[in-house]
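Residues per chain, in single letters:
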Amino acid sequence: MFDLQVPFFLPVWRRVAVIVVCTIWGLFEFSTNNPLWAVLFCGIAAYSTWQFFFDGWPEDNKPGQSSSD
């Protein structure tokens with residue numbers, strides 16, 4: 001879909017901020033009875049969480065280090 005592993009998101013606080021803002025906005029949309037936007041923003045938050053913390057950040061693979069170490 002979208003590759004979020006770009007240099008802009010290297011600071012951890014930016015990654016966390018994107019996830020928190022999208023989650024809060026999704027919850028706000030649920031509270032105002034707008035399920036389409038709520039699911040969309042919560043989905044963006046979930047996808048961002050996966051890309052930022054579980055999919056393997058580029059700096060995790062240092063040069064000279066194999067993935068089997």
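None of these values were measured; they are calculated from a predicted model.

Some thoughts on the nonpolar core
Line of reasoning, step 1. Core analysis: the biggest nonpolar cluster contains five residues, these being Leu4, Phe9, Ile19, Phe52 and Trp57.
Line of reasoning, step 2. Each residue touching Trp57, except ones within four places of it in the same chain, is listed here: Leu4, Gln5, Val6, Phe9, Leu10, Arg15, Gln51 and Phe52.

Details of the packing of helix H1 (residues 12-31) against helix H2 (residues 35-54)
Line of reasoning, step 1. Direction vectors running N to C along H1 and H2 enclose 160 degrees, while the axes themselves pass 7 Å from each other. Classified by the interaxial angle, the pair formed by H1 and H2 is roughly antiparallel. In the crossing of H1 with H2, the sense of the turn from one axis to the other is left-handed. For the pair H1 and H2, the contacting residues are Arg15, Val16, Val18, Ile19, Cys22, Thr23, Trp25, Gly26, Glu29 and Phe30 in the first and Trp37, Ala38, Val39, Phe41, Cys42, Ile44, Ala45, Ser48, Thr49, Phe52 and Phe53 in the second.
Line of reasoning, step 2. Taken together, the residues of the contact of H1 with H2 sort by class into 15 nonpolar, four polar and two charged.

Thoughts on unusual backbone geometry
For residues that are not glycine, phi is negative in most cases, and the peptide bond is trans in most cases.
Line of reasoning, step 1. The backbone of Asn33 shows a phi angle near 65 degrees, a positive value even though the residue is not glycine.
Line of reasoning, step 2. Its location among the elements puts Asn33 in the loop between H1 and H2.
Line of reasoning, step 3. Judged by relative accessible area, Asn33 falls into the exposed class, the value being 64%.

The rules behind the values
Once a new chain begins, its residue numbering starts again from 1 and follows that chain's sequence as written. For a predicted model such as this one, the threshold for reporting local features is a pLDDT of at least 70, and the threshold for listing and counting side-chain atom pairs is 80 or more; totals across whole chains, interfaces and linings nevertheless cover every residue. Only heavy atoms go into the side-chain values, all of them from the structure, while hydrogens and water stay out. Residues belong to a common nonpolar core when they are buried Ala, Val, Leu, Ile, Met, Phe, Trp, Tyr or Cys residues joined through side-chain atoms within 4.5 Å. Three labels apply to residues, based on accessible area from a 1.4 Å probe with only protein chains included: buried if under 20% of the type maximum, exposed if over 50%, partly exposed otherwise in between. It only takes one pair of heavy atoms within 4.5 Å for two residues to be counted as in contact. Here an angle of 0 to 180 degrees is reported between the N-to-C directions of two axes, which are lines fitted to C-alpha atoms, with helices fitted over the stretch in contact. Here a strand is any run of E in DSSP of at least two residues, a helix any run of H or I of at least four, and the numbering for each starts at the N terminus. Roughly parallel means an angle under 35 degrees; roughly antiparallel means over 145; roughly perpendicular covers 65 to 115; every other angle is labelled oblique. Left-handed describes a crossing in which the near helix is turned anticlockwise from the far one by less than a right angle; the clockwise case is right-handed. Residue classes follow a fixed rule: Ala, Val, Leu, Ile, Met, Phe, Trp, Tyr, Cys and Pro count as nonpolar, while Asp, Glu, Lys and Arg count as charged, and any other residue, Gly among them, counts as polar.

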